[in-house]
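Breakdown of the fold
As a plain string of letters, each chain reads:
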Amino acid sequence: MEIQMINLLIFRISLHYTIIWTENVRNFTTELSFEREPEIAVETNKKFKEIDYFNLFFYENILKAIVQQSNLHRSQKQGIGKYDYDLTFTELQAWIGMIILMGIHRLPRIENYWSTDPALRVDFIAKIMPRDTFRKITEILHINDNNNNNLPKTQPNYDKLFKLRPLIDHLHEKIKVLYTPSKTLSVDESMLKFKGRSSLKQYMPQKPIKRSYKVWCLADSKTSYIANFEVYTGKCNDNQSNDTLGERVVIKLTRELQGTFSLVAYDNFFTSVNLVEELRNTGIYSVGTVRTNRKGLPEMMKEKKLQRREYEFKTTNNVTAIKWMYSKIVTVLSSAHNPLTISTVKRTLKTGEKIVVSCQIAVAVYNSIMGGVVGFDQRK
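Here's what I pulled together on the structure shown here. Fair warning: this is a prediction, and the values are worked out from it, not measured in the lab.

Calculation notes
Residue positions within a chain follow its written sequence, with the count starting from 1. Thresholds applied to this predicted model are a pLDDT of at least 70 for local features of residues and 80 or more for the giving and counting of side-chain atom pairs; totals over whole chains, interfaces and linings are not thresholded and use all residues. Heavy atoms throughout the structure, all of them, feed into the side-chain values; hydrogens and water do not. Helical segments are the DSSP runs of H or I of at least four residues, strand segments are the runs of E of at least two, and each set is numbered from the N terminus. Accessible area is worked out with a 1.4 Å probe on protein chains only. A residue is then buried under 20% of its type maximum, exposed over 50%, and partly exposed in between. We call two residues in contact when some of their heavy atoms are within 4.5 Å. In short, Shrake-Rupley with a 1.4 Å probe defines the accessible areas, and a residue's cover is counted only from the protein chains shown. Should a side-chain nitrogen of Lys or Arg be within 4 Å of a carboxyl oxygen of Asp or Glu, the pair is scored as a salt bridge. Only residues whose relative accessible area exceeds 30% and that take part in no salt bridge are eligible for patches, with like-charged residues grouped when within 9 Å of each other and nonpolar side chains (Val, Leu, Ile, Met, Phe, Trp, Tyr) grouped when within 5 Å. Strand pairing requires that DSSP identify at least two bridges connecting the strands. To get an axis, fit a line to the C-alpha atoms, keeping to the stretch in contact for a helix; angles then go from 0 to 180 degrees between the N-to-C directions. Note on terminology: angles under 35 degrees are roughly parallel, angles over 145 are roughly antiparallel, angles of 65 to 115 are roughly perpendicular, and the others are oblique. Side-chain rings of Phe, Tyr and Trp (the six-membered ring for Trp) are treated as a pair once their centres are within 6.5 Å; stacked means planes under 30 degrees apart, edge-to-face means over 60, and tilted covers the remaining angles. Charge-over-ring placement is defined geometrically: NZ (Lys) or CZ (Arg) within 6 Å of the ring centre, and within 35 degrees of the ring normal.

**Let's talk about the overall build of the protein**
Scanning the protein for helices and strands turns up eleven helices and 13 strands. Referenced to the eigenvectors of the C-alpha coordinate spread, the extents of the protein come out at roughly 75 × 55 × 40 Å. Counting all 380 residues of the protein, 42% fall into the buried class. Once local pairs closer than 6 in sequence are excluded, the contacts in the protein between residues at least 24 apart make up 59%. Accessible surface, the protein: about 22,800 Å² in total, of which carbon and sulfur atoms supply 51%.

Right under this line is the structure:
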């Protein structure tokens, strides 16, 4: 770890100097292997049911803590009508089960599950608890003690997720303990659908879910398991960092991977020469598409002229910059791939026919491992 920190310090100092790009590939002659199967820390079998998987992440202690905090909040609000309710552990379990079932069997309004109209009423939900009890639990549910939040909202270190922080920290811990990812992962954003009002909601016009919570995710490319995540809470006033938002996100999400020499893929929102170098100096390989207006790129990445299936490349230290042309120009940065090594990707013609096209291995590998978070979204 000390050697990694020294390398990182040297890299930070080197940022003040001009980057020299050449066609020397001596740093990329070794063929790297990222073959490692993911591992689950618990033994599962055919007898495992949905509740067993749920309990792996939400075991009894965290649910009891939620019950305790909800009742503590009730006592702090004593005398206010809607908080006049004492939550029990069994009721919380039932309430969570109802929420999950409502996500499967969807109706326009919550009240419909208890409707007197047999066309709307859902008995396997309505019989668990009365409607008013369900509403009361929804109103009083609390996860963190408000008295522990002493910072005003105007302070830079104010935690906008304070009310959820114990649950988020718990999930972070369980995610890491229960699963060891493969050596190929990807970083991307995921939108969590929410129609209510919140200052944390983001607008993403290019996404299927346009207004919702945005979550940065690190996912295993083989299984789409989320190995780490961070809820985006808005612009951060971090005057001590010169890194871009994309760089900060990747560095934070991959911190547990330092020294594992895993391969991480990310798209052009995140990619920069600085990021690829910094990750490499902490023992993480990476590959990503890059915007041609990023600082430090060689001039050839910005030039438009290339014939179909032609490519150009430049290298500097542990980074290779590749430009490849097929139907459009693809620009990639990698710290793991020799720019002279050729692989293949599949392309679909206008007629619908699928063909195999040769390309640089960095392009092929990026296409094969970048879909981890997309796979997670498809399973939501």
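Once the structure has been displayed, the description carries forward.
**Details of the pattern of salt bridges**
Tallied over the entire structure, the rule returns 13 salt bridges. In this structure, R74 engages D86 in a salt bridge whose closest nitrogen and oxygen atoms are separated by 3.8 Å. Taken as a pair, R74 in helix 3 (residues 60–76) and D86 in the loop between helix 3 and helix 4 (89–104) lie far apart in primary sequence, twelve residues in all. For D86, a relative accessible area of 48% puts it in the partly exposed group. With its nearest N and O atoms 3.9 Å apart, the salt bridge here joins K302 to E299. We classify K302 as partly exposed; its relative accessible area is 38%. Given a relative accessible area of 53%, E299 falls into the exposed group.

**Let's talk about helix 8 (residues 245–253)**
The set of residues buried in helix 8 consists of G246, E247, V249, V250, I251 and L253. In the core, the buried residues of helix 8 are packed alongside strand 3 (184–193), strand 5 (211–220), strand 6 (226–231), strand 7 (263–266) and helix 9 (273–281).

**Quick notes on a nonpolar patch on the surface**
Together, Y311, L340 and I342 line one region of the surface with nonpolar side chains, adding up to about 270 Å² of accessible area. Positionally, L340 belongs in the loop between strand 11 (329–334) and strand 12 (342–348). The exposure class of L340 is partly exposed, given its relative accessible area of 44%.

**Here's the deal with the environment of K49**
In this structure, K49 sits in the loop between strand 1 (39–40) and helix 2 (50–57). The exposure class of K49 is exposed, given its relative accessible area of 54%.

**Side note on the pairing of strand 10 (residues 319–325)**
When you tally the buried positions in strand 10, you get seven out of seven residues, the bulk of the element. The alternating pattern of strand 10 places V319, A321, K323 and M325 on one face and T320, I322 and W324 on the opposite face, and all of these are buried. Relative to strand 10, strand 9 (residues 311–316) runs antiparallel, the two being bridged by six bridges. Looking at the pairing, K314 lines up with A321 of strand 10.

**Some points on the packing of helix 3 against helix 4**
Where helix 3 contacts helix 4, the two axes come as close as 9 Å, and the packing angle between them is 105 degrees. It follows from the interaxial angle that helix 3 and helix 4 lie roughly perpendicular. Residue-level inspection shows E60, L63, K64, I66 and V67 of helix 3 in contact with helix 4, the latter providing F89, L92, Q93 and I96.

**What to know about the packing of aromatic side chains**
Taken as a whole and assessed by the stated rule, the structure comprises 14 aromatic pairs. Centroid distance F48 to Y53: 5.1 Å. Interplanar angle 70 degrees. Geometry classified as edge-to-face. Its relative accessible area of 39% is what places Y53 among the partly exposed residues. Judged by centre distance (6.1 Å) and plane angle (25 degrees), the rings of W95 and F134 are stacked. Of this pair, W95 sits in helix 4 while F134 is found in helix 6 (residues 131–140), placing the two residues 39 residues apart along the sequence. You'll find W95 and F134 in the same group, each marked buried. In this structure an aromatic cluster arises from ring pairing among W95, Y113, W114 and F134. In this structure, K64 is placed above the aromatic ring of F89, and the distance from its NZ or CZ to the ring centre is 5.9 Å. In this structure, R211 is placed above the aromatic ring of Y203, and the distance from its NZ or CZ to the ring centre is 4.3 Å.

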